[in-house]
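# Structure assessment
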Amino acid sequence: MPDDELTEATHKNFEDMLGPVVSIDGIEHETDDDKINGIVFELYKEAASVVNIAAHLLTEASSAKGGWPRNQAICAGLLIRIMKFMVVVTQLSAKGNRSEVVMALTRCIMESAVNLEFLVHMNEDRFYDQFVKLSLGPERELYDQIQSNVSSRNGQKWLIEERMLKRIDELCQRSGVKIEDVDRKSGDWGGGVRERLKAINKEDLYVNLQRIPSHAIHGTWVDLYTSHLEYDNKTGTYRPESRFSRVDARDLGPTAVMVLDAVRPYLDRFFSDIPDRMILRNRLDDVHRRILIADDVHEQLYAKKRRAP
């Protein structure tokens, strides 16, 4: 954060930035799923506030140097990305019926949360190096393509090519990587998402966190069938389904829990020597607990309604 925006971490400052605690009193007796959805929506916003503050924390040492070292910057950058996407999810969810788009954004949020938790858990430079270097594969391919085109014109560069090469050079310099050392083939780092989940003891979540939400990212047949087409049982044909589906607790609660699970080890890894981090840590644990309770109530109510004749 810019120097003029830095704020000393005190109990009052943390509480002011986090905002009020969302009450779930009496939720176990609630029978209106819309009210439960509303509570989970507020809990999601509270979780986003936790992420936002964690993403902007600086130790005195980092502040004196003007910012984070690269590895922590990667983690903080993932938190900032998560926070931005969560803000947009709340904006879309406030409209009620935007579930199709929320699911695509949620897939992005969850993968960033997995990446963050994996990096912090493994705490090895080689994985941070992989994260940086392998992400530059598309830039290497573009670099080679531009060089080939320039060569075919006997060294003549177009303005757009000069601009793109300058961007690639700047990106590589700041990443500590030479573009010639980058593999054109975009590989996956840390062994792939399944292996990263395995490393943080969450391999059983791979299908629900990665594969199923990928339908919304890629626009697969399953996505079209469930969200954008309406099937007519009588004729065996399809018609357009232009209406958005309703956002409910299932779209928000589990994602917030996954994100908070990643923020917790980030705080412990990079701010273990700062007692005041426990102010934020305790709030994180509390909102995590309240979301799980609200999710459980919503699931029970949803199951009861499905069993009803």
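Below or above, wherever it landed, is the structure these notes cover. Each chain carries its own residue numbering, running from 1 in the direction its sequence is written. Local features in this predicted model are restricted to residues whose pLDDT is 70 or higher, and side-chain atom pairs enter the listing and the counts only when it is 80 or higher, whereas totals over whole chains, interfaces and linings include all residues. The side-chain figures draw on all heavy atoms in the structure; neither hydrogens nor water molecules are used.

Looking now at helix H2 (residues 33–55). In a regular helix each residue adds 1.5 Å, so 23 residues correspond to 33 Å; H2 covers 32 Å between its end C-alpha atoms and thus fits that length. At the N-terminal boundary of H2, the capping side chain belongs to Asp-32, with an oxygen 2.9 Å from the backbone nitrogen of Asp-34. Numbering of helices and strands runs from the N terminus; a helix is a DSSP stretch of H or I covering at least four residues, while a strand is a stretch of E covering at least two. Expected helix span is computed as 1.5 Å times (number of residues minus one). Counting of polar contacts relies on pairs of N or O atoms within 3.5 Å, with two restrictions inside protein: one atom must be capable of donating a hydrogen and the other of accepting it, and residues adjacent in sequence are counted only when both atoms are side-chain atoms.

Moving on, we get to the packing of helix H4 (residues 70–93) against helix H6 (residues 125–135). The relative placement of two packed helices is expressed as an angle between their axes plus a distance between the axes. H6 packs onto H4 with a crossing angle of 60° between their chain directions and a minimal axis gap of 10 Å. Judged on the interaxial angle alone, H6 and H4 are oblique. Note that H4 runs across H6; the crossing there is left-handed. Across from Arg-70, Asn-71, Ile-74, Cys-75 and Leu-78 in H4, the residues of H6 making contact are Asp-125, Tyr-128, Asp-129, Phe-131 and Val-132. Residues are grouped as follows: Ala, Val, Leu, Ile, Met, Phe, Trp, Tyr, Cys and Pro are nonpolar; Asp, Glu, Lys and Arg are charged; every other residue, Gly included, is polar. Residue classes in the contact of H4 with H6 are distributed as 6 nonpolar, 1 polar and 3 charged. Angles here are taken between N-to-C directions and fall from 0 to 180 degrees, while the axes themselves are lines fitted to C-alpha atoms, restricted in helices to the stretch in contact. Working rule for angles: under 35 degrees goes down as roughly parallel, over 145 as roughly antiparallel, 65 to 115 as roughly perpendicular, anything else as oblique. Should the near helix be turned anticlockwise from the far one by less than a right angle, the crossing is left-handed, and should it be turned clockwise, the crossing is right-handed. The criterion used for residue contact is that any of the two residues' heavy atoms lie within 4.5 Å.

All right, on to the pairing of strand S2 (residues 237–240) then. Where strand S1 (residues 229–232) meets S2, 4 bridges bridge the pair, whose relative direction is antiparallel. By the bridge assignment, Asp-232 is partnered in S2 with Thr-237. Hairpin connection of S1 to S2: 4 residues between the antiparallel strands, including Gly-236 at a positive phi of 70°. Only when DSSP finds a minimum of two bridges between them are two strands counted as paired.

Before going further, it helps to spend a moment on a nonpolar patch on the surface. Patch construction takes residues with relative accessible area above 30% that form no salt bridge. Like charges are linked within 9 Å, and nonpolar side chains (Val, Leu, Ile, Met, Phe, Trp, Tyr) are linked within 5 Å. Shrake-Rupley sampling with a 1.4 Å probe provides the accessible areas, and residues are treated as covered by the protein chains on show and by no other component. A carboxyl oxygen of Asp or Glu within 4 Å of a side-chain nitrogen of Lys or Arg is what we treat as a salt bridge. A cluster of nonpolar side chains, Trp-221, Val-222, Leu-224, Tyr-225, Tyr-231 and Tyr-238, forms an exposed patch at the surface whose accessible area comes to about 570 Å². At 4 residues, the largest contribution of residues to the nonpolar patch is made by helix H11 (residues 221–228). Along the polypeptide, Val-222 turns up in helix H11. For Val-222, a relative accessible area of 36% puts it in the partly exposed group. For the exposure calls, accessible area comes from a 1.4 Å probe over protein chains only, and a residue counts as buried if that area is under 20% of its type's maximum, exposed if over 50%, partly exposed in between.

It is worth stressing that arrangement in space is one thing and function is another; only the former is reported here.
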